[in-house]
Amino acid sequence: MTPSLRLLGTGLFACALSLSGCSDNDPPVPDAGTTDPKPVVELTDYVDAVPTEPCMDASYAEPRANCDDPASFDLSGCDLKAVGAIEPSGVYQAIFRYNATSTFGTGFRLDTTPSFLGNPLVRNEVGPQGFFITGEIMNSLLRLQRYALAGCRVPEPGHLTGCFVRCTDGVPDYSGTFHAQRMNLSREEPTGARPMRLVSETAVPVGESVDIYVTKGHAYVVSVPRSPGKEPGGLSVFNVSDPAHPAFVTSVSLPNDNYWNGVWAKGDALYVASANSGVIVYDITDPANPQYVRALPGGAINVHTVFVDGDRLYAMSPSPNGETLLFDVASPLEPQLLSRITVPREEGVVSYPHDAFAYQDRLYVNHTRTGYVVVDVKRPDVTPVLGTYAFNGQYSHANAVGTIGGRTIAFEGGERFGAHLRVLDVTDPAHIRLIGEVKKRPQTSIHNMVLKGTKLYVAWYHEGVRVFDVANPAQPKEVAAFDSFQEAHPLSTDSLYQGAIGIRVPGDGYVYVVDLSRGLLVLAEP
């Protein structure tokens, strides 16, 4: 999931901010003296590019500008007339470059609550005089860092390019360029997609809604805290027997345990992924009145996502061990732990199972930096790795698998800026092949997906809901879409993680979506 986190503390924010590091709030700078000798399987989600802004410094490590004076930037080659005409409002996501191969992403907003990386702007000078903003963060070493951004060009409406300088404890130390795009202005080429009809929209009263499961005429929405120490997360239950008029029924949480990021159901059991106590089991014999049963496997453990396949429950646990817990749920209210599945990880690489999809005795694991891993789970006590699909800079996050045209096809996406939807032939997991992909704006990220027959439904954060016909998996065809992101919504932020996040297609003619700001959205199935 995603607000101030969707994984380990605030770590997911930081992982999504950078290609090369994972600290809580300190975008990395390049290491000019080292290179990665490992072969790249394919281009990363984040294509290397040589910065060409007129205002850029000859060396990123020798900034000429400072963080206090707009005149310290050399803007002589810039189109300041176009920059001065920018509307002084809106939510932007930006890709920052120190050089051709060192990139990170972050966001800022210019309207009702001006901010940079979620913190109030120090300076906000946007208008006829040009574009100059500064924002501050406290890095992981408790040193104050300020970023100053000066606009240079407007390559097309809704876009802004320019230069930035970073100052640590008041001293300029690194500089680079940025390319920002306003998030509510998507001017992509027509895809032929039909607009999806919004049937209803219902606010979720607890935290930031991140996942949903629909069963027994009810929608079960789990949420994480909207901000530390403020609005807590938990479970919200809606009666959706009339999808046009969802009725809020109740909210549930536990003391000091409400970072609930995933949810699934089987029979009369509801399984909630808790960052504090693992898998929480609720009895939903009465669907409007969930009753606590137990938390598994016991003790303090972070479970991030859950997936049920037949009589098996898989629970993906980022910490403390970075493992997938496999339960027997033949008796849904009495899960029995069968095994703990681990995947070999490269030494020094922080990686863990973020999500997974079980299909035909194989578990397809999104193992973040390790990549997309296929595990044989025919026997719970022997779970060998059958194959891995990985590339430089990967942060594998979500997937869906099915049989199309006699082949086993996987759809995989990352959770970082620029994440692509990848189509993989996994018929032979020892030789996984990339056969297709879909790209959207490089400033956005994928979150979750659902495969129904030959239709793929993707919750793509700022890009909203995208539906693809994948009968020809090598050439996904976008057939329907819904733009859920609203920059003016009072709960919208400058985070990469905004917009459509959770999605279910239960087969009742509707698509159920949770949006981080808007809550529960019910759409007519295309």
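What counts as what
Residues numbered from 1 in each chain as written. Predicted model: local features only at pLDDT ≥ 70, side-chain atom pairs only at ≥ 80, totals over all residues. Heavy atoms only, no water. Core = buried A, V, L, I, M, F, W, Y, C linked by side-chain atoms within 4.5 Å. Buried < 20%, exposed > 50% of the residue type's maximum accessible area, 1.4 Å probe, protein only. Contact = heavy atoms within 4.5 Å. Helix = DSSP H or I, 4+ residues; strand = E, 2+ residues; numbered from the N terminus. pLDDT = per-residue confidence, 0-100. Pairing = 2+ DSSP bridges. Axes fitted to C-alpha atoms, helices over the stretch in contact; angles between N-to-C directions. 1 Å grid on protein atoms, 1.4 Å probe; cavity = no way out; pocket = protein on both sides within 12 Å on 5 of 7 lines; lining within 4 Å. Points joined across faces, edges and corners; volume = space filled by probe spheres on them. Disulfide = S-S within 2.5 Å.

1. Details of the nonpolar core
When a protein is soluble and globular, its nonpolar side chains tend to lie buried together. Counting 94 residues, the largest nonpolar core has Leu 270, Leu 363, Phe 411, Leu 421 and Leu 456 as its most contacted members. Apart from the residues lying within four places of it in its own chain, the contact partners of Leu 363 are Tyr 314, Thr 324, Ile 341, Ala 356, Phe 357, Ala 358, Val 373, Val 374, Val 375 and Val 377. In this structure, Leu 121, Val 126, Tyr 147 and Leu 149 belong to the second largest nonpolar core, which totals 22 residues.

2. Concerning the side chain of Ser 89
Relative to the elements of secondary structure, Ser 89 occurs in the loop between α2 (80–84) and β1 (91–99). With near-sequence residues (within four places) excluded, Ser 89 lies in contact with Leu 110, Asp 111 and Arg 182.

3. With respect to the confidence of the model for the protein chain
For the protein chain, per-residue confidence averages 90 on the pLDDT scale, and 91% of positions sit at 70 or higher. Contacts for the low-pLDDT stretch residues 30–41, under 50 throughout, to residues beyond four places or in other chains number 10 contacts.

4. Some points on the sheet that holds strand β17 (residues 278–283)
The 4 strands are arranged β15-β16-β17-β18 in an open sheet whose pairing can be described as antiparallel. Single-partner strands in this sheet number two, and they are β15 (260–266) and β18 (291–296). Across this sheet, the average inter-strand angle for adjacent strands is 25 degrees, counted without regard to direction. Of the pairings in the sheet, the one linking β15 to strand β16 (residues 269–274) comprises 6 bridges and is antiparallel in character. Across the sheet, Ala 265 pairs through a bridge with Leu 270, a residue of β16.

5. Brief notes about empty space enclosed by the protein
Summed over all chains, the structure comprises 2 cavities of 30 Å³ or more. One number sums up the size of the largest cavity: a volume of about 70 Å³. Around the largest cavity sit 13 residues that line it, and Cys 55, Asp 57, Ala 65, Phe 73 and Cys 163 are the ones nearest its centre. Of all the secondary-structure elements, those providing two or more residues to the lining of the largest cavity are β7 (159–168) and β8 (171–182).

6. Some points on the state of the cysteines
If you walk through the whole model with that rule in mind, you get 3 disulfides. Residue pairing for Cys 55: its cysteine sulfur links by disulfide to Cys 163, the two sulfurs lying 2.0 Å apart. Disulfide Cys 55-Cys 163: the torsion about the S-S bond is 95 degrees, which places it as right-handed. Residue Cys 55 is located in the loop between α1 (11–17) and α2, and its partner Cys 163 is located in strand β7; the two are separated by 108 residues in the primary sequence. Cys 163 sits in the buried class, given a relative accessible area of 3%. Sulfur-sulfur distance for the disulfide between Cys 67 and Cys 167 comes to 2.1 Å. Its S-S torsion of approximately 100 degrees makes the covalent link between Cys 67 and Cys 167 right-handed. In this pair, Cys 67 is assigned in the loop between α1 and α2 and Cys 167 in strand β7, connecting sequence segments 100 residues apart.

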